[in-house]
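Given next are the chains, with one letter for each unit.
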Amino acid sequence: MSDFAGFRRPSLRPGVRSGPTQDGGIEFTYLDGRRFVEFEFDAGRAERFQDFVAVLAEGGLSAAELGAAFPGSPQEYGEMLAALDEQGMIAEAEEAAEGGMSGVSAYAYLRRHADRVRAEVRSPLVEALVDGSVTRGQLIGYAVEYWHITHLCPRALAPALARDDLGLPVWEKLMHFYMTERNHDRIMEKSLAAVGVPREALLRAQPLPATMAIMASLGVYAYNFPLALISTLFPMEEPEPEFLELFRLRCAELGLPEGFVRPIVSHSDVNEDEAHEAVSLDLLADFPYLSTETVRECAKAVADVIEQRARLDAEVVSWYGAGGELRDFGHHGYPTQAGKALTCAPLTSLA
Amino acid sequence: MPVNFLPVKPFLRATVRIGEKGEAELHTPGGVLEVEAPEGMGQRDFLRLLRLLDGSRTIDDLERETGLDGEAVREVVEPAVVWGLVDDGAVPAASSGPAVLSRLEDVLNRLLEDLVFAGPFWREVLERPEALHRNVFFGFGLENWFFLFRENEFDSAVLALAESAELRAMLNDFYQEEHRHDDIVLRAFQPLGVTRDDLLRARPLPTTTALIKTLSWWARTDPLFFVATIGVLEGRLDSDSDGPDGRIAYDSFLAACDRIGLDPAFVEPMRAHARVNAGHDHGSVSRELFARVPGVDAETERRWHDKAHLFVEAYAAFFNGILEHYSDPRRPLLRTGDL
């Protein structure tokens, strides 16, 4: 028994045949006669029922209109449609999707939405770079968190590769993206080795909470909402030439070696050369339709990752500026002051 | 990077104005962008093209109306798309959720007739239940218990469905309604001397595991396709069949049990489970859920039609595996290890 209220335009399923029976009724057959049902009518009503069946077969009336067009009681209507549906003979004729947009339109919306959100956040790290108050420890701390992101990236992306509802071109592009993101942590390790932070120490270190939140978000999207993962790639991968220039300048002023700066710049160049920020558009363009709610949820994900990134910049400044060092808690005691600085100012990045 | 992202009908989300020095300006809520015509394109053509990007013209229309070649048009449109300034004015290509489910039902209906009802298990149960060893009926109960016992594995995987709050809430309701259904059926095994502890030590037939794991995988990797299968899994076969006493038997299996006079202590808990599902109208779950799916694209629908074959193959093997294994009374009802 089906819920006919759920049908917008109930119709006889294409492929169902109907014809008169010997005693003036109507017989319906489906699937080469393996499913059939027969209705008998009072002699006076047979013709009107035949007309109704023609209307039902056409599928042109809404559920309410069809009910009104039925030449019998509402109970008889329900029984007749239920009997047909029991045999699988009723189909939905309303073809039009509700609202929604193409992936290209979704990208344009997300991009505009991202611009609006960016105008609402501030980066304490960029501010410290601009006014020259940034410390050596904060610059190295930034690189450590960058390492965590590159190190966790394959794990965060991998669950999306198991999905089977994205279509082959998208899957192939995600696989390619995954391959290009592998081993990027090795680039960052060269940088950190130049300031005396070896890989072994990094592997023991915990990321800052915002770094974790960003990578956890991407990873969970990859499992459960790959479209949000795809949507958040552009705010994660956009080149930031002005930031990089300032970063370079302050590193030089604070006497950080060229071996520290060069790999960071070159990693950024790799992302730019591979046009990583265009990955979102390239992937979204393969979706002919996305529901309005889906795009709205993707927009929340984009806004959140932008806010988390600003929060990460605030955490780099507060943790590494308050005496916090590499977050290897197994080997060193926990610097409570740095922990307090970190957790007491978590939203300083929201303007 | 090859360009795959040209809108069908580009729609510029900015107002085109001419600046003080005659330069083209795009005014958006976020600010003003000064834009230049690509090399070789006159300013008049450039402005005219920008103003025609109103979401009603295809790239071909734009070429025709401006007299520009396609490459020139793309040279203007592409970067604007990358900046997020261009939407698609064309209606996105998709069908309503219920229409897509209806067409999928057609594929499923045919496969159910071809593979499930025409298969050895259901043919025997429907046509000659007297000729079957009773273990086949008990085996059906046991393998159904394994399925219900592990149902949380697939139902739970869609509880966090991200794309629709309403679907997510309904799937959570469904999960709650299904929770502990294995315990309803459990009582059926008392007359067989099979306890819950015995069942926890036992493993299902490989054909049962195949169905459970395949569904669990789809629930994780193609959740809406999994949702589409629920209607079949929860649907009752021949729900109006009458039992010998004139009561509704609830499904063909129970009607066959009644026909051969199987111990009511086994049959009634099975019927109780069928009654609970009927009360929740679980056969309509896919339809109720798909009524809330706003749209599905054609490629996804095609993929679901392909997968429907695999699903019904696994479903048919689930039934036929029961007949094959439990027909031989020398085989134990439960397959257990030593631990």
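Source: prediction; values computed, not measured. (Residues numbered from 1 in each chain as written. Chains lettered and ligands numbered in written order. Predicted model: local features only at pLDDT ≥ 70, side-chain atom pairs only at ≥ 80, totals over all residues. Heavy atoms only, no water.)

1. Quick notes on a negative patch on the surface
Part 1: Among the surface-exposed residues, Asp 23, Glu 27, Glu 38 and Glu 40 of chain A lie close enough to one another that they form a single negatively charged patch.
Part 2: Residue classification places Glu 40 of chain A among the exposed residues on the basis of a relative accessible area of 61%. (Patch = residues over 30% accessible without salt bridge, like charges linked within 9 Å, V, L, I, M, F, W, Y side chains within 5 Å. Areas by Shrake-Rupley, 256 points an atom, 1.4 Å probe, with all protein chains shown as cover. Salt bridge = Lys/Arg side-chain N within 4 Å of Asp/Glu carboxyl O. Lys, Arg positive; Asp, Glu negative; His and termini not counted. Charge placed at Lys NZ, Arg CZ, Asp CG, Glu CD. Buried < 20%, exposed > 50% of the residue type's maximum accessible area, 1.4 Å probe, protein only.)

2. Re the interface of chain A and chain B
Part 1: Between chain A and chain B, the residue contacts involve 57 residues of the former and 53 residues of the latter.
Part 2: For the chain A and chain B pair, buried surface summed over both sides reaches about 4400 Å², with 46% attributable to carbon and sulfur atoms.
Part 3: Among the residues chain A hides against chain B, the three largest losses belong to Glu 95, Asp 164 and Tyr 289 of chain A. Together they make up 12% of the total.
Part 4: Taken together, the connections running from chain A to chain B amount to eight salt bridges.
Part 5: One salt bridge connects Asp 114 of chain B with Arg 34 of chain A, and the closest N-O pair in it is separated by 2.5 Å.
Part 6: Linking chain A with chain B are 28 residue pairs in polar contact (both at pLDDT 80 or more).
Part 7: Secondary-structure elements contributing two or more residues to the side of chain A that touches chain B are helix H3 (74–86), strand S5 (90–92), helix H4 (103–118), helix H10 (209–224), helix H14 (279–284) and helix H15 (292–321) of chain A.
Part 8: Top contributing element to the side of chain A that touches chain B by residue count: H4 of chain A, with seven residues. (Contact = heavy atoms within 4.5 Å. Buried area = accessible area lost by both parts, 1.4 Å probe. Polar contact = N/O pair within 3.5 Å; in protein donor to acceptor, adjacent residues only side chain to side chain. Helix = DSSP H or I, 4+ residues; strand = E, 2+ residues; numbered from the N terminus.)

3. Examining the pairing of strand S4 (residues 31–35) of chain B
Residues and elements named next belong to chain B.
Part 1: Where strand S3 (residues 24–28) meets S4, five bridges bridge the pair, whose relative direction is antiparallel. Within S4, the residue paired with His 27 across the bridge is Val 32.
Part 2: Between S3 and the antiparallel strand that follows it, S4, lie two residues. (Pairing = 2+ DSSP bridges.)

4. Some points on the layout of surface pockets
Residue and element names in this part refer to chain A.
Part 1: Within this model, the largest pocket holds a volume of roughly 1100 Å³.
Part 2: Lining the largest pocket are 40 residues, with Pro 235, Met 236, Glu 238, Glu 240 and Arg 309 sitting closest to its centre.
Part 3: Mapped onto the lining of the largest pocket, the elements with two or more residues apiece are helix H6 (136–157), helix H7 (168–181), H10, helix H11 (226–237), helix H12 (241–253), helix H13 (258–273) and H15.
Part 4: Broken down by element, the residue count for the lining of the largest pocket peaks at seven residues, all from H6.
Part 5: When its residues are assigned to classes, the lining of the largest pocket shows 24 nonpolar, six polar and 10 charged. (1 Å grid on protein atoms, 1.4 Å probe; cavity = no way out; pocket = protein on both sides within 12 Å on 5 of 7 lines; lining within 4 Å. Points joined across faces, edges and corners; volume = space filled by probe spheres on them. Nonpolar A, V, L, I, M, F, W, Y, C, P; charged D, E, K, R; others polar.)

5. Observations concerning helix H16 (residues 336–344) of chain A
Residue and element names in this part refer to chain A.
Part 1: Those residues of H16 that sit buried are Ala 338, Gly 339 and Leu 342. Each buried residue of H16 lies within a common arc of 100° when the element is viewed along its axis, so the set occupies one face. Exposed side of H16, more than 90 degrees from the buried face: Gln 337 and Cys 344 are the residues found there.
Part 2: Buried residues along H16 sit in contact with H10 and H15. (Arc of directions from axis to C-beta.)

6. Notes on the pattern of salt bridges
A side chain with one charge can pair with a side chain of the opposite charge if their charged atoms come near.
Part 1: Tallied over the full model, the rule gives 47 salt bridges over all chains.
Part 2: Residues Glu 105 of chain B and Arg 13 of chain A are paired through a salt bridge, measuring 2.9 Å at the closest nitrogen-oxygen approach. With Glu 105 of chain B in helix H4 (residues 97–117) and Arg 13 of chain A in the loop between strand S1 (10–12) and strand S2 (17–20), this pair bridges two chains. For the pair formed by Glu 105 of chain B and Arg 13 of chain A, the shared burial category is buried.
Part 3: Put simply, Asp 54 of chain B and Arg 57 of chain B hold a salt bridge, and the shortest N to O gap is 2.8 Å.
Part 4: Several salt bridges share partner residues, and in doing so they unite Arg 13 and Asp 85 of chain A together with Glu 105 and Arg 287 of chain B into one network.

7. Thoughts on the domain arrangement of chain A
Part 1: What the domain assignment reports for chain A is domain 1 (4–92) and domain 2 (103–344).
Part 2: Taking only C-alpha atoms, the centre of domain 1 of chain A and the centre of domain 2 of chain A are 59 Å apart. (Domains from an automatic or database assignment.)

8. Concerning the nonpolar core
Part 1: Ranked by internal contacts, the top residues of the largest apolar core, which has 107 residues, are Leu 192 and Phe 260 of chain A together with Leu 12 and Leu 50 of chain B.
Part 2: Examining the composition of this core, we find that 13 residues originate from one element, H15 of chain A, more than from any other.
Part 3: With sequence-adjacent residues up to four places away left out, Leu 192 of chain A is seen in contact with Ile 140, Ala 143, Val 144, Trp 147, Val 197, Leu 202 and Phe 260 of chain A.
Part 4: The next biggest cluster of nonpolar side chains, apart from the first, holds 77 residues, and it includes Val 125, Phe 189, Ile 260 and Val 285 of chain B. (Core = buried A, V, L, I, M, F, W, Y, C linked by side-chain atoms within 4.5 Å.)

9. As for the sheet that holds strand S4 (residues 35–39) of chain A
Residue and element names in this part refer to chain A.
Part 1: Judged by pairing direction, the sheet is antiparallel, and its three strands sit side by side in the order S2-S3-S4 without closing on themselves. Two strands bound the open sheet, and with one partner strand each, they are S2 and S4. If you compare each strand with its neighbour and ignore which way they point, the axes differ by 20° on average.
Part 2: Two strands pair when backbone bridges link them, and S2 and strand S3 (residues 26–30) are joined in this way by four bridges, in the antiparallel orientation. Note that in S3 the partner of Gly 19 across the bridge is Glu 27. (Axes fitted to C-alpha atoms, helices over the stretch in contact; angles between N-to-C directions.)

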